[in-house]
Amino acid sequence: ILCARYHETGRAPPAQRRRRPRHGGGTPPPRGLRPRLKGHHEDTARSVTQELAMATAQATKNSITLKGSTAIVTEFFGYAVNSILYQRGIYSPEAFERKRKYGLGMLVTTDEALKVYLVSVLQQVNDWLMQKTLQKLVMVVTAVGTKEVLERWVFDIEADKSTDEHSEGKEKPEKEITQEISAIIRQITASVTFLPLLEEACTFELLVYTDTESITPTEWEVSDPRYIADNAEQVKLRSFNTSVHKVEGLVSYKASDE
């Protein structure tokens, strides 16, 4: 199993990339590099956001292409990570602003370092989705002091391997996809009602699992999978399906000892 960690400097937390073979076998030797984020700035975040918006527009009312589906899933991951960061109090409420998306009032970060960091991760996620090699994205919440893993937000991805960028769009109403995504976001928002209170300062990491044949970017480095050590419980989240990609959610958390 090959894992890779993606480091950020400044105030934004670190992230990870984890790569897992589709079949069983031994553990390959670890390899990886730290990313070089110098030169990234607000314009980068803005341009990528515009590109995603244009690609999302390719997912017409009833026809979803690979590129359109990729944009939908990538955009969802961005909003989902922001929602978890806000709902779990990992960043202060003052570091977020409200935007309308999926028929909901969404909260997204205003922290420039964090925005650039997330965009750089989502750019690579977008590439893996287009290549249909992305298997899983995991957001890991850890305690700053003890480094203990407290939560793992898991999003499993299945791609229609028969679809490529030249294929005709698949039929599924845009409204139906939006409703499915909205249901997941609502669950994330409601997570404060069933997840234990995070009583200490926390940070987060992002793990990405890909097929073995996918190319490992030079900006990523090896890391461990960051499992919850013991006393873990889990709650299954809803799923959504673009007809090209299917995303299923799950949150695992460290249960109270009481």
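These numbers come from a predicted model, not from an experiment.

About the cut-offs
Residues numbered from 1 in each chain as written. Predicted model: local features only at pLDDT ≥ 70, side-chain atom pairs only at ≥ 80, totals over all residues. Heavy atoms only, no water. Buried < 20%, exposed > 50% of the residue type's maximum accessible area, 1.4 Å probe, protein only. Helix = DSSP H or I, 4+ residues; strand = E, 2+ residues; numbered from the N terminus. Pairing = 2+ DSSP bridges. Phe/Tyr/Trp six-rings, centres within 6.5 Å; stacked < 30°, edge-to-face > 60°. Lys NZ or Arg CZ within 6 Å of the ring centre and 35° of its normal. Axes fitted to C-alpha atoms, helices over the stretch in contact; angles between N-to-C directions. Contact = heavy atoms within 4.5 Å.

Caption draft 1: Layout of the pairing of strand β7 (residues 149-159). The buried fraction of β7 amounts to eight of the eleven residues, a majority that puts the element mostly inside the structure. Pairing of strand β6 (residues 134-143) with β7 involves seven bridges; the strand directions are antiparallel. Its bridge partner lying in β7, Met139 is registered against Trp153. As paired elements, β7 and strand β11 (residues 245-254) share nine bridges and run antiparallel to each other. The partner of Ala159 across the bridge, within β11, is His245.

Caption draft 2: Molecular detail of the packing of aromatic side chains. Taken as a whole and assessed by the stated rule, the structure comprises seven aromatic pairs. The interplanar angle of 70° and the centroid separation of 6.1 Å between the aromatic rings of Tyr117 and Phe204 together place this pair among those described as edge-to-face. Taken together, the positions of Tyr117 in helix α3 (residues 112-131) and Phe204 in strand β9 (residues 202-210) put the pair 87 residues apart, joining distant regions of the chain. Classification of Tyr117 by relative accessible area gives buried; the value is 0%. Within the aromatic cluster, the residues linked to one another by ring pairs are Phe76, Phe77, Phe155 and Phe240. Sitting above the plane of the Tyr102 ring, Lys101 keeps its charged end 5.5 Å from the centroid. Above the plane of the ring of Tyr209 lies Lys136, whose end atom (NZ or CZ) is 5.3 Å from the centre.

Caption draft 3: Focus on the pairing of strand β10 (residues 232-241). As paired strands, β10 and β11 are joined by eight bridges and run antiparallel to one another. Bridging across to β11, Val235 finds its partner in Val251. In this structure, the hairpin formed by β10 and β11 is closed by a connection of three residues, where Ser243 is found at a positive phi of approximately 90°.

Caption draft 4: Inspection of the sheet that holds β7 at higher detail. What the five strands build is an open sheet, ordered β9-β6-β7-β11-β10; its pairing is antiparallel. Looking along the sheet, the strands with just one partner apiece sit at the ends: β9 and β10. Ignoring strand direction, the axes of neighbouring strands in this sheet form an average angle of 15°. Contacts from helix α2 (residues 66-87) reach β6, β7, β9, β10 and β11, with the element oriented near 20° to β11. Here helix α4 (residues 174-190) sits on the sheet in contact with β7 and β10, set at roughly 160° to β10.

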